[in-house]
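Chain by chain, the residues:
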Amino acid sequence: MKSFKSTAWLLPQPVLIIGTYDKDGKPNAMNAAWGGQWDMHEIIISLGSHQTTDNLAVNPEFTVTFATTDTLVASDYVGIASGRNNPYKMEKTGWTIEKAPNVNAPVFKEFPMTLECRVKQKIDESETGYYLIAEIVNILCDERYLAEDGKPDVEKMNLITYDPVHHTYIRLGETVGKAFSDGKLLK
């Protein structure tokens, strides 16, 4: 086995798009990979210092959506273009933006599913960023991405994951098993 030094290679990594409003109500989005489920109704995201953290200092509500093959180019763009330096950042994405129904944050209509969130806690806050713990207030899903049972169908969404080893995006694949069930074969 080849050995590598410690680095951020936890796989797979989500491609999270975080939506916020600035103090004037102007929408912003950023791309973040270091995040995940924290608890049943909470998420955690590691944030550096960005326009997003400036916005969250003024308004502690935001949205999180998941990048797809269809949104890949604009999703990558919001990760490399700073809202602090580029006042027309959101216009370049071409995304349709509307206000979330349950939090004071933008929803980007091109994405299949959106979490409406509210900041609960900031851990290790400094001028370089912090760990954000947030309550999931509500989940919105475009009806085109629902399964026959009425719940979100992840396969239909064409979600992508970030490969931190090669700095690429990979489309998530098909269902290969049934959680909390297939392992019963070994009982």
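Residues numbered from 1 in each chain as written. Predicted model: local features only at pLDDT ≥ 70, side-chain atom pairs only at ≥ 80, totals over all residues. Heavy atoms only, no water.

J.: Looking at this structure, how should I read the overall build of the protein?
T.: Per the secondary structure count, the protein includes four helices and 12 strands. For 187 residues, the compact-globule formula gives about 16 Å, and the C-alpha radius of gyration of the protein, at 17 Å, lands near that figure. With 187 residues in all, the protein has 39% of them scored as buried. Accessible surface for the protein amounts to roughly 11500 Å². Of this, 54% is attributable to carbon and sulfur atoms. Of the charged side chains in the protein, 19 are positive and 25 negative, and the gap between their average positions amounts to 2 Å. (Helix = DSSP H or I, 4+ residues; strand = E, 2+ residues; numbered from the N terminus. Rg over C-alpha atoms; globule rule 2.2 N^0.38 Å. Buried < 20%, exposed > 50% of the residue type's maximum accessible area, 1.4 Å probe, protein only. Areas by Shrake-Rupley, 256 points an atom, 1.4 Å probe, with all protein chains shown as cover. Lys, Arg positive; Asp, Glu negative; His and termini not counted. Charge placed at Lys NZ, Arg CZ, Asp CG, Glu CD.)

J.: Honestly, the pairing of strand β3 (residues 27–32) in this entry has me stumped. Any pointers?
T.: Residues in a regular strand project their side chains so that they alternate between the two faces of the sheet. Burial analysis of β3 places five of its six residues in the buried class, which makes it a mostly covered element. Pairing of strand β2 (residues 16–21) with β3, which is carried by six bridges, proceeds in the antiparallel orientation. Counterpart to Leu16 in the pairing with β3 is Ala32. In textbook terms, the turn of a hairpin is the stretch between consecutive antiparallel strands, and for β2 and β3 this stretch comprises five residues, one of which, Gly25, has a positive phi near 85°. (Pairing = 2+ DSSP bridges.)

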